[in-house]
Amino acid sequence: MTSTMVEGTPVTAAASLEAVDVAAWFGSSLVIDNVNLRMQPATVTALIGPSGCGKSTFLRVLNRMHEAVPGAQMAGEVLLNGEDIYAPGHRVTSVRQRIGIVFQKPNPFPAMSIADNVTAGLVLTGTRISRHDRETLVEESLTRAGLWNEVKDRLETSGSALSGGQQQRLCIARALANKPDVLLMDEPCSALDPMSTRWIEDTIRELGKTMTIVIVTHNLAQAVRVSQWSAFFLADPGEPGGIVEQGSTDQLFSAPQDPRTADYVSGGFG
Amino acid sequence: MTTLHERGDAVAASEAPVAPVARTPRKIRRLTPDDWTSLAGALLASFALVTLIYEHLLNLSGVLGYLVCWYAAFVVVYATVLRMANSRKVVIERLVTVTLYLAAFIVVGALLSTVVYTFAQGFHAYIHLNFFTHDMTGVSPTAPLSQGGILHAIVGTVIEVAIAVIASVPLGIGTAVYLSEVGGRWSQSVRTVVEAMTALPEILAGLFVYVVLIVYVGMPKTGLAVSLAMAVTMVPIIARASEVALRVVPNGLREASEALGATHWRTVYKVVLPSARAGLATATILAVARGIGETAVPLITSGASSFLNFNPVTNPMNSLPLYIYTSYTTHEPSAVTRAFGAASVLLAMVVVLFVVTRFLSRDKGAPR
Amino acid sequence: MSTSTPETLEPRQSRESRQLDPGFERSDRIFHKASTLIGLSTLVLTGAIGVFLGEQSIPTLSHYGLAFFTGTRWQPEIDKIGIASVLVGTAEVAFVAVCVAFPLAIMFALFISDFAPRRIKSSLISAIDLMAAVPSIIYGLWGFFLLQPKAMDLSRWLSQHFGWFFLFHVDTDPNAAVWQQSRYTSSVFIVGLAVSMMAIPLACAVMRSVFDLTPLGEREAAMALGATRWGVVRTVVLPFAKGGIIGGTMLALGRALGETAAVLVIISPAYGINFHFLEAGGQTVSALIAGNFGNATKAQLSALLTAGFVLFLITLAVNYGAAIVIRRSRSGAATEI
């Protein structure tokens, strides 16, 4: 492994992401432990489970956003195409560019126009792009996010003047424009109305054909609708959270092996 | 399918149960060894470069110029070294970080130099006990430092501030209560005016009191006049900081009190104000720290006496800032040293007040 | 089903809410009235300052008229006074102070909010607050005794190499073997440096608190895209904090305009409009008033009070403007005030 990474080179084939024995702390309290998960290329992996089990924490460990919180620590390895992203040679900023994330609450940059929001990732990572390529990229990203038709006439208006669902799709476009290898999504639809949720699920299914996606969701039906692989997180009171069972979505939901999984997916708690 | 999981199950089943190993977190280092060597190397290289050419090639002199040249050379060298191994955005990030560190050093350095210099220059004055126990009656400015002292100035400052606090606290906290608890049509205007008044130049407060009390009412220049002028400056500061302290009191407390049937006044007096105690105290102390350092106010409204005076209504009262200024203007060496001595006492007071406010805020457990 | 002549249904009356009497007790009515009075007292106080100072200005203004604002000399003995040069001097000192304070304040504020190691952040905030609490006369003494000798060398260097530029010109030969030190002391430049020590913490405190209020969601969005710390600052923090930056600078300007003690200690009073910042001599409104107050006759007193009134109007306008700018901005909407 070279000690310096060349940044910003997109991988054309979908990448694989693997968590090996990941644990995470906030301060001195251990919130997740023993998490092993292989997220296959060109697959949508869903992380399900009741709230407070560490799903979001685990997600943020995957793209090194966890350490941005003061006092947060982690252990274990996260392998992107076989390389540990936490190894000393990797710059955290280039890791984050390669593993994109869409947050639960849409956060477009209010001081920028829609077009500028889409290309914000490029500006922030110092990637140069010609004007023509920029226009192509904006159109392509917005189309992939399912937003192009609604905003193509007002690309220069402010990013915060859109509805919640549109803002979230803008954030997806922004993440996609950065050409990440993997896309993480932290309950992307929980703050949205059903119509927008439908739109975004369609987008996720479409993207999942060519990208590796990991989505945290509370909505069991959504997990069934969009994902091919699922991991069920659980935390006993006072214990760190972890994966109880994982498998193909069909199998996990129709024939779960662990009684706790069966209980959860049948709506017994959560 | 679930190979990992099945494998894990199989492994767990086959092995004897082991006691769980306590996990230790990974140390994530943001800066690589390469980063540190680049920094050190650039520092040394620019240092050597500037040392060589400064005096000889550029024919300059002076420490300031040297430092500026060193910084310029360092930026160039560091940027070049970084660019070889990192992308443009990392280079810019590093350069910005270095510049910000430099700015921080300059600002903190200036503050430290002020504090240290004051205490150092005043040393020969306050080393004498008589500095604190005598006043300047009968002592000329040129007298040696073993004679005379600033007792009258210290006493003057303390008394004047005490009166100012008595005058300004009710008005200041009362305004805060109005803004936070009562409100009304005028609250926005009052708030904006309070905000603007916190920045009123102290000399105008002095002039105002001078015009009203000394010209119209005919009061002589006494300690009371100084106190009132101080109060004029202090009221907006207390009002603004107290309003913040009151606003932070959780609404649930007010609702609980009113649900029990308390009147609005009782709620404010018995529930809200006590909860905000620390914040109100901090507000007052901040205002006091501001008030005791005012020089223009006593210049305008007080005479500089040299004798000890406990009476704020008759005869002029000296105070520390006034004493500092009048001693300084004589330009006599021992008077100037006394001025620095008084400045050290004043500075020490401010620092102590400051530490008290930190202590009060920390006690509440609310970090800034 | 009935058809013709349908009974016209009464349109449903929309419900109106009941007007409730809050039923305040007498003690509360008194409390509210008293509280409002106290609140208004601040307005009254400000107005009173304006009125009393303004009233005292009438004799001067009626005597000198507009010449008061255009005259440059302050020689009451021969009945020639005007605050033009003093106003210019005040502006010059404030200009130097803000020019020095603005970059240092914004850089230090950014340092505290985004670049400093987290452990020392609260210590740095305390340092700024302490810097603001130090009495101005102490900065004056520091400026005169410690800073001035060093600044003199800098002044001389500037006038040596850039003396052709009017701001840096000094009326003496900077290249002389024995250069006239006294021409470089007590200048607007050095006073401005001392005043900046008071302006920096004021601007820095406002800017820093505004930087810290940047919404976490936007910061995370930038970080998650792979931005460096400077990238996050550039795209998210600075645009958000625009109002706080401008407002903080305006507050610092207001402070610099009204500063008295430090100016008194350092400046050597000189009247006459020139823009030679590095040259000895100058005067500001507050130093003029404070310096001449002691031995002023009744007429001179009125003139000084008029100058004070002018200062009052200027600083009130600047500080009021600063408060509005901060409140109207996006960052202001999130601040506590």
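1. Looking at the overall build of chain B
- In terms of helices and strands, chain B carries 15 helices and zero strands.
- Expected size for 368 residues packed as a compact globule is a radius of gyration near 21 Å; at 30 Å, chain B overshoots this value by more than 25%.
- Across its three principal directions, the C-alpha atoms of chain B cover 95 × 80 × 45 Å.
- Of all 368 residues assigned to chain B, the portion counted as buried reaches 49%.
- Approximately 17400 Å² of chain B is accessible, and the part contributed by carbon and sulfur atoms is 68%.
- Where the 25 positive side-chain charges of chain B centre and where its 18 negative ones centre are 3 Å apart.

2. Considerations on the interface of chain C and chain B
- Contacts between chain C and chain B engage 78 residues on the former and 77 residues on the latter.
- Applying the counting criterion to the chain C and chain B interface returns two salt bridges.
- Of the charged contacts in the structure, one is a salt bridge between B:Glu93 and C:Arg229, with a shortest N-O distance of 3.3 Å.
- If you look at where chain C meets chain B, you find 13 residue pairs in polar contact (both at pLDDT 80 or more).
- It is helix α1 (residues 26–64) of chain C that provides the largest number of residues to the side of chain C that touches chain B, a total of 20 residues.
- Partitioning the side of chain C that touches chain B into residue classes produces 51 nonpolar, 19 polar and eight charged.

3. Overview of the interface of chain C and chain A
- The interface of chain C with chain A comprises 18 residues on the first partner and 24 residues on the second.
- Here chain C meets chain A over a buried area of about 1600 Å², counting both sides, of which 67% is carbon and sulfur.
- Sorting the residues of chain C by area buried against chain A places C:Glu220, C:Ala224 and C:Leu225 first, and these three jointly supply 36% of that buried surface.
- There are one salt bridge connecting chain C and chain A.
- A salt bridge links A:Arg60 to C:Glu220, with the shortest nitrogen-to-oxygen separation between them at 2.4 Å.
- At the junction of chain C and chain A, the tally comes to three residue pairs in polar contact (both at pLDDT 80 or more).
- Going through the elements one at a time, α7 (216–224) and α8 (229–240) of chain C are the ones with two or more residues in the side of chain C that touches chain A.

4. Observations concerning the packing of helix α3 (residues 84–115) of chain C against helix α9 (residues 242–258) of chain C
Residue and element names in this part refer to chain C.
- α9 packs onto α3 with a crossing angle of 140° between their chain directions and a minimal axis gap of 9 Å. Between α3 and α9, the crossing angle belongs to the class labelled oblique. The hand of the α3/α9 crossing is right-handed. Residues Thr 90, Ala 94, Ala 97, Val 98, Phe 102 and Ile 106 of α3 touch α9, and the partners they reach there are Ile 245, Thr 249, Leu 253, Ala 256 and Leu 257.
- Of the residues that constitute the contact of α3 with α9, the class distribution is nine nonpolar, two polar and no charged.

5. Thoughts on the environment of B:Leu52
Residue and element names in this part refer to chain B.
- Within the secondary structure, Leu 52 sits in helix α2 (residues 33–56).
- Owing to a relative accessible area of 61%, Leu 52 belongs among the exposed residues under this scheme.
- When the C-alpha atoms of Leu 52 and Ser 146 are compared, they prove to be 50 Å apart, with 94 residues separating the residues in sequence.

6. What about the confidence of the model for chain C?
All names here are of chain C.
- Of all residues in chain C, 89% attain a pLDDT of 70 or more, and the chain-wide mean is 84.
- Below pLDDT 50 for its whole length, residues 1–5 participates in zero contacts with residues either more than four positions away or in separate chains.
- Predicted complex, confidence summary: ipTM 0.85, pTM 0.83.

7. Notes on the side chain of B:Thr222
Residue and element names in this part refer to chain B.
- With respect to the helices and strands, the residue Thr 222 is situated in the loop between α8 (202–217) and α9 (223–248).
- Exposure remark for Thr 222: the relative accessible area of 1% places this residue in the buried category.
- Leave out the neighbours within four places in its chain, and Thr 222 touches Thr 301, Pro 312, Val 313, Thr 314, Asn 315 and Pro 316.

8. Observations regarding the domain arrangement of chain B
Residues and elements named next belong to chain B.
- On domain assignment, one finds that chain B holds domain 1 (31–121) and domain 2 (133–363).
- On the side of domain 2, six residues touch domain 1, which itself brings five residues to the contact.
- On the domain 1 side of the contact with domain 2, Thr 118, Phe 119 and Gln 121 bury the most area, a combined 83% of that side's loss.
- Taken together, the links from domain 1 to domain 2 amount to zero salt bridges.
- Partitioning the side of domain 1 that touches domain 2 into residue classes produces three nonpolar, two polar and no charged.

9. Considerations on the sheet that holds strand β3 (residues 44–48) of chain A
Residue and element names in this part refer to chain A.
- Across the sheet, which stays open at both edges, the six strands sit in the order β6-β7-β8-β3-β9-β10 with mixed pairing between neighbours. On the outer flanks of this sheet lie β6 (99–102) and β10 (242–248), each paired with one strand and no other. Within the sheet, the average angular offset between the axes of one strand and its neighbour, ignoring direction, is 20°.
- Sheet topology places β3 next to strand β9 (residues 229–234); four bridges connect them, and they run parallel. Within the sheet, the bridge partner assigned to Leu 47 lies in β9 and is Ala 231.
- Contacts between helix α7 (residues 164–177) and the sheet are confined to β6 and β7 (182–186), with β6 contributing the most and set at about 175° to the helix.

10. Some thoughts on the sheet that holds strand β4 (residues 72–80) of chain A
All names here are of chain A.
- As summarised here, the arrangement of the four strands in space is β2-β1-β4-β5, forming an open sheet in which the pairing is antiparallel. The outermost strands of the open sheet, each flanked by one partner alone, are β2 (29–39) and β5 (83–84).
- Note: β4 against β5, two bridges, orientation antiparallel. By the bridge assignment for β5, Leu 79 is matched with Asp 84.
- Each of β1 (17–26), β2 and β4 is contacted by helix α1 (residues 55–62), which is oriented at about 120° to β1, the strand it contacts most.

11. Let's talk about a positive patch on the surface
- Taken together, the side chains of A:Arg128, B:Arg83, B:Arg88 and C:Arg234 define a basic patch exposed on the protein surface.
- Within the element layout of this structure, A:Arg128 appears in the loop between α4 (120–125) and α5 (131–144).

12. A short note on the packing of helix α6 (residues 151–182) of chain B against helix α14 (residues 320–330) of chain B
All names here are of chain B.
- Running from N to C, α6 and α14 point in directions that differ by 140°, and their axes come no closer than 8 Å. Here α6 lies oblique to α14, going by the angle between them. Contacts between α6 and α14 involve His 152, Ala 153, Ile 154 and Thr 157 on the former and, on the latter, Leu 320, Pro 321 and Tyr 323.
- Of the residues contributing to the contact of α6 with α14, the split by class is five nonpolar, two polar and no charged.

13. Section: the packing of aromatic side chains
- According to the stated counting rule, one finds 20 aromatic pairs over all chains in the structure shown.
- Geometrically, the ring pair formed by B:Tyr101 and C:Phe111 is edge-to-face, given 4.7 Å between the ring centres and 75° between the ring planes. Of this pair, B:Tyr101 sits in helix α4 (residues 88–126) while C:Phe111 sits in helix α3, placing the two residues on different chains.
- Under the relative-accessibility criterion, B:Tyr101 is labelled partly exposed at 32%.
- Given a relative accessible area of 2%, C:Phe111 falls into the buried group.
- Ring geometry for B:Phe131 and B:Phe132: centres 5.5 Å apart, planes at 85°, overall edge-to-face.
- The class of B:Phe131 is buried, set by a relative accessible area of 1%.

14. Thoughts on the nonpolar core
- In terms of nonpolar packing, the biggest core is built from 214 residues, with A:Phe58 and A:Leu62 touching the most fellow members.
- In terms of residue count, the dominant contributor to this core is helix α6 (residues 188–212) of chain C (16 residues).
- If we ignore the near neighbours within four places in the chain, the residues touching A:Phe58 are A:Ala19, A:Val22, A:Ile32, A:Val35, A:Leu37, A:Met39, A:Leu47 and A:Phe233.
- One finds A:Val102, A:Leu142, A:Leu176 and A:Val226 within the second-largest nonpolar core, a separate group that totals 43 residues.

What counts as what
- Residues numbered from 1 in each chain as written.
- Chains lettered and ligands numbered in written order.
- Predicted model: local features only at pLDDT ≥ 70, side-chain atom pairs only at ≥ 80, totals over all residues.
- Heavy atoms only, no water.
- Helix = DSSP H or I, 4+ residues; strand = E, 2+ residues; numbered from the N terminus.
- Rg over C-alpha atoms; globule rule 2.2 N^0.38 Å.
- Buried < 20%, exposed > 50% of the residue type's maximum accessible area, 1.4 Å probe, protein only.
- Areas by Shrake-Rupley, 256 points an atom, 1.4 Å probe, with all protein chains shown as cover.
- Lys, Arg positive; Asp, Glu negative; His and termini not counted.
- Charge placed at Lys NZ, Arg CZ, Asp CG, Glu CD.
- Contact = heavy atoms within 4.5 Å.
- Salt bridge = Lys/Arg side-chain N within 4 Å of Asp/Glu carboxyl O.
- Polar contact = N/O pair within 3.5 Å; in protein donor to acceptor, adjacent residues only side chain to side chain.
- Nonpolar A, V, L, I, M, F, W, Y, C, P; charged D, E, K, R; others polar.
- Buried area = accessible area lost by both parts, 1.4 Å probe.
- Axes fitted to C-alpha atoms, helices over the stretch in contact; angles between N-to-C directions.
- Parallel < 35°, antiparallel > 145°, perpendicular 65-115°, else oblique.
- Left-handed = near helix turned anticlockwise from the far one by under 90°.
- pLDDT = per-residue confidence, 0-100.
- Domains from an automatic or database assignment.
- Pairing = 2+ DSSP bridges.
- Patch = residues over 30% accessible without salt bridge, like charges linked within 9 Å, V, L, I, M, F, W, Y side chains within 5 Å.
- Phe/Tyr/Trp six-rings, centres within 6.5 Å; stacked < 30°, edge-to-face > 60°.
- Core = buried A, V, L, I, M, F, W, Y, C linked by side-chain atoms within 4.5 Å.

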